[in-house]
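Report on the structure
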Amino acid sequence: MTRHDAVVVGAGPNGLAAANRLVDAGWSVLLLEAQPEVGGAVRSDRELDPDFVHDTFSAFYPLAAASRGLAAFGLEEHGLAWRHAPAVLGHPLPDGRWAVLHRDRQVTARLMEEQHPGDGVAWLDLCAVWDRIGEPLVSALVSSFPPIWPGLSVLARLPGAGGLDLVKTLLTPATELGRRGFGGDGAGLLIAGNAGHADLPLDAPGSGVFGLLLTMLGQTVGFPVPEGGAGRLAQALARRLESRGGEIRCDAEVEHVIVEHGRAVGVVTADGRRYDAGRAVVADVSATHLFGGLVGPAHLPARVTRGMRHFQLDPGTVKVDWALDGPVPWASPPPYDPGTFHVGDSVSEMTEALGQVAAGVIPAKPFLLAGQMTTSDPTRSPAGTESMWAYTHVPQPDQTVRDAGEGGVRGLWDDSDCERFADRVQARIERLAPGFGSRIRARRILGPRELEARNANLVGGAINGGTAQLHQQLFLRPVPGLLGRPETGVRGLYLGSASAHPGGGVHGAPGLNAARAALLHHRLRRFHR
Ligand SMILES: Cc1cc2nc3c(=O)[nH]c(=O)nc-3n(C[C@H](O)[C@H](O)[C@H](O)COP(=O)(O)OP(=O)(O)OC[C@H]3O[C@@H](n4cnc5c(N)ncnc54)[C@H](O)[C@@H]3O)c2cc1C
């Protein structure tokens, strides 16, 4: 048995962020991770080819780059270096045109202007609005509820940023947003494609603000990648934690949280070891596992058990990685090589594909998010080659109704389903880049089951810890009774994973919010003694 002030369960970016925040406050912290290495969905590997680094899950980190909480850790001193592709994001169209987001807004505007006169100025106007409101808006969205100070700051700046017109713009669905003030389709493709990173229907309110947020982060901080692989970000967090006395144990799956007299006092791992926590247990664990197994139902308040009956996961995911012998042979090369690119012939095709997923249908023309990693960071593979991936969403395995495509994918996501669906994904790229298939040195497919096997938080391939739709956001996340706060209804136990507000993405906010709540409660307990 060991005793620490805090035990953090799960070494994803949120668990690592929480643990760092707690050691900074002088607490003794033990971080327990089920997998053989830290990082959660922020890891890299050389499984396809020893000369190629592939990011096993996530790859681009605008949210991390914009996070004040992560910036405060000074991760550059612990080995993190950011790299940027020549362009942030590209969206190729079958007619050879590209929508391109460049980190220099003047370049983005020039490219838009070339496609439709007037769109360049409209883009710069949109950027100017974001300059006024973006920072407080992001702060308000990532703070614990209620976000009093950042909320007031947003309200104070609202009149200068467009007032109620801006509120209406932010509530406009992504499908419409790109049409407001733009004659060409470039802005709309960029915003809708970015909205497609969450599982919000593109024609529903909430998709517009999410698409705009990611697009404007791309415009202001870029979509950076850690030099050497995504795992370097997690390793920098882990190194910093250990340099300050924090302890990390891998291959240590927590089986349950010990609750005594209504208070979480420690955890037990699969090998039967007990680890005591004098002040807090922070769970970087999906809500489904924390409230559906790690904590016995007898210890949970009725409002949590009730809320979890209606907890909704986000869709499943299929990710395909390729080691390419050469660069992607675009039929029509982009004006600047993008790190991230999206594949969808139009906003309406993307809307249809994401709508199908929501309806339990495997899309015939899946909307792809893809990354050219060597283009983003030349250290990822030998010169002249490309380390590449694409992923797309599919219905949760138990919710698949049918396949809209011709391959007869059943939604079981066994090897056969994964191979046939990966061929469909690959054909989408081949159409835009004839000869793509002939450059493949190695391919790997991570279907929903394989993703979950590599990280228990990715339940059924859900990458965001629960749907990002409005009915499970803000004070409704993860369940209405918890009011968007990290408290769980069990004293001393905090939910610090992407299942908590503000949800998925690598920004550390759920972990930092959980650590902050634990520190505050500890201070209050001491005060009342
Ligand atoms: C394929 C994919 C692509 C993505 N792309 C991006 C991207 O490009 N940019 C971006 O910002 N976000 C991206 N995301 C989302 C982002 O990676 C996640 O939202 C983020 O990693 C969530 O962090 P977390 O710490 O909450 O959980 P995770 O990163 O999932 O980590 C949870 C950790 O907890 C461990 N764990 C779980 N249960 C236990 C237990 N009982 N005992 C011990 N350990 C346990 C797991 O093994 C895991 O290591 C992507 C995700 C996926 C899967």
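Up top is the structure these notes are about.
Reading guide: rules and limits
- Residues numbered from 1 in each chain as written.
- Predicted model: local features only at pLDDT ≥ 70, side-chain atom pairs only at ≥ 80, totals over all residues.
- Heavy atoms only, no water.
- Pairing = 2+ DSSP bridges.
- Helix = DSSP H or I, 4+ residues; strand = E, 2+ residues; numbered from the N terminus.
- Axes fitted to C-alpha atoms, helices over the stretch in contact; angles between N-to-C directions.
- Buried < 20%, exposed > 50% of the residue type's maximum accessible area, 1.4 Å probe, protein only.
- Contact = heavy atoms within 4.5 Å.
- Near = heavy atom within 4 Å.
- Polar contact = N/O pair within 3.5 Å; in protein donor to acceptor, adjacent residues only side chain to side chain.
- Areas by Shrake-Rupley, 256 points an atom, 1.4 Å probe, with all protein chains shown as cover.
- Phe/Tyr/Trp six-rings, centres within 6.5 Å; stacked < 30°, edge-to-face > 60°.
- Patch = residues over 30% accessible without salt bridge, like charges linked within 9 Å, V, L, I, M, F, W, Y side chains within 5 Å.
- Salt bridge = Lys/Arg side-chain N within 4 Å of Asp/Glu carboxyl O.

1. Regarding the sheet that holds strand S19 (residues 440–446)
Each strand in a sheet pairs with another by means of backbone hydrogen bonds, the pair being arranged parallel or else antiparallel. Spatially, S7-S6-S14-S16-S17-S13-S19 is the arrangement adopted by the 7 strands of the open sheet, whose pairing is mixed. Strands with a single pairing partner mark the edges of an open sheet, and in this sheet they are strand S7 (98–101) and S19. Taking each pair of neighbouring strands and ignoring which way they run, the sheet shows an average axis angle of 20°. Note that strand S16 (residues 368–372) and strand S17 (residues 386–394) share 4 bridges and pair antiparallel.

2. Thoughts on the environment of Glu253
Within the fold, Glu253 resides in the loop between strand S9 (247–249) and strand S10 (254–260). Residue class for Glu253 comes out partly exposed when judged on its relative accessible area of 43%. Spatially, the C-alpha atom of Glu253 lies 30 Å from that of Ala390, the residues being 137 residues apart in sequence. Not counting the four nearest positions on each side in its chain, Glu253 is found in contact with Glu33, Ala34, Val268, Thr269 and Ala270.

3. Some details on the site of the ligand
Taken together, 32 residues form the shell around the ligand, and within it Asn14, Glu33, Phe60, Asp284 and Gly505 come nearest. Between the ligand and the protein, one listed contact pairs a nitrogen atom with a backbone N or O atom of Val254 at 2.9 Å. Val506 is positioned with one of its backbone polar atoms (N or O) 2.9 Å from an oxygen atom of the ligand. When the free accessible area of the ligand is taken as 990 Å², the share hidden by the protein chains comes to 95%.

4. A word on the packing of aromatic side chains
Per the counting criterion, the structure on display carries 8 aromatic pairs. Both rings, one in Trp322 and one in Phe436, keep their centres 5.2 Å apart while their planes meet at 85°; by these two values the pair is edge-to-face. With Trp322 in strand S13 (residues 316–324) and Phe436 in the loop between helix H16 (415–432) and S19, this pair connects stretches of sequence that are 114 residues apart. The two residues Trp322 and Phe436 agree in class, both being buried.

5. What about the side chain of Gln372?
With respect to the helices, strands and loops of the structure, Gln372 is situated in strand S16. Residue Gln372 is classed as buried on the basis of its relative accessible area of 2%. With residues up to four places along the chain from it excluded, the contact list for Gln372 reads Val328, Trp330, Pro338, Gly339, Phe341, Glu386 and Ser387.

6. Comments concerning a nonpolar patch on the surface
On the surface, a cluster of nonpolar side chains totalling about 330 Å² of accessible area is made up of Leu141, Leu474, Phe475 and Leu483. The exposure class of Leu474 is partly exposed, given its relative accessible area of 31%.

7. Side note on helix H4 (residues 105–115)
Those residues of H4 that fall on the buried side of the exposure criterion are Val107, Thr108, Ala109, Leu111 and Met112. Residue Asp104 occupies the N-cap position of H4, its side-chain oxygen lying 2.8 Å from the main-chain nitrogen of Gln106.

8. Some thoughts on the pattern of salt bridges
Under the defined criterion, the tally for this structure stands at 33 salt bridges. The shortest N-O distance in the salt bridge between Arg444 and Glu47 comes to 2.7 Å. Of this pair, Arg444 sits in strand S19 while Glu47 sits in the loop between strand S3 (44–45) and strand S4 (54–55), and the two are 397 residues apart along the sequence. Judged by relative accessible area, which is 9%, Arg444 ranks as buried. When its relative accessible area of 46% is taken as the criterion, Glu47 is described as partly exposed. Between Glu114 and Arg110 there is a salt bridge; the shortest N-O distance is 3.2 Å. One end of the pair, Glu114, and the other, Arg110, are both in helix H4, 4 residues apart, so they sit about a helical turn from each other. By relative accessible area, Glu114 is classed as exposed at 57%. Using a relative accessible area of 38% as the deciding quantity, one classes Arg110 as partly exposed. Because the salt bridges share partners, they merge into one network encompassing Asp45, Glu47, Lys319, Asp321, Arg444, Glu450 and Arg454.

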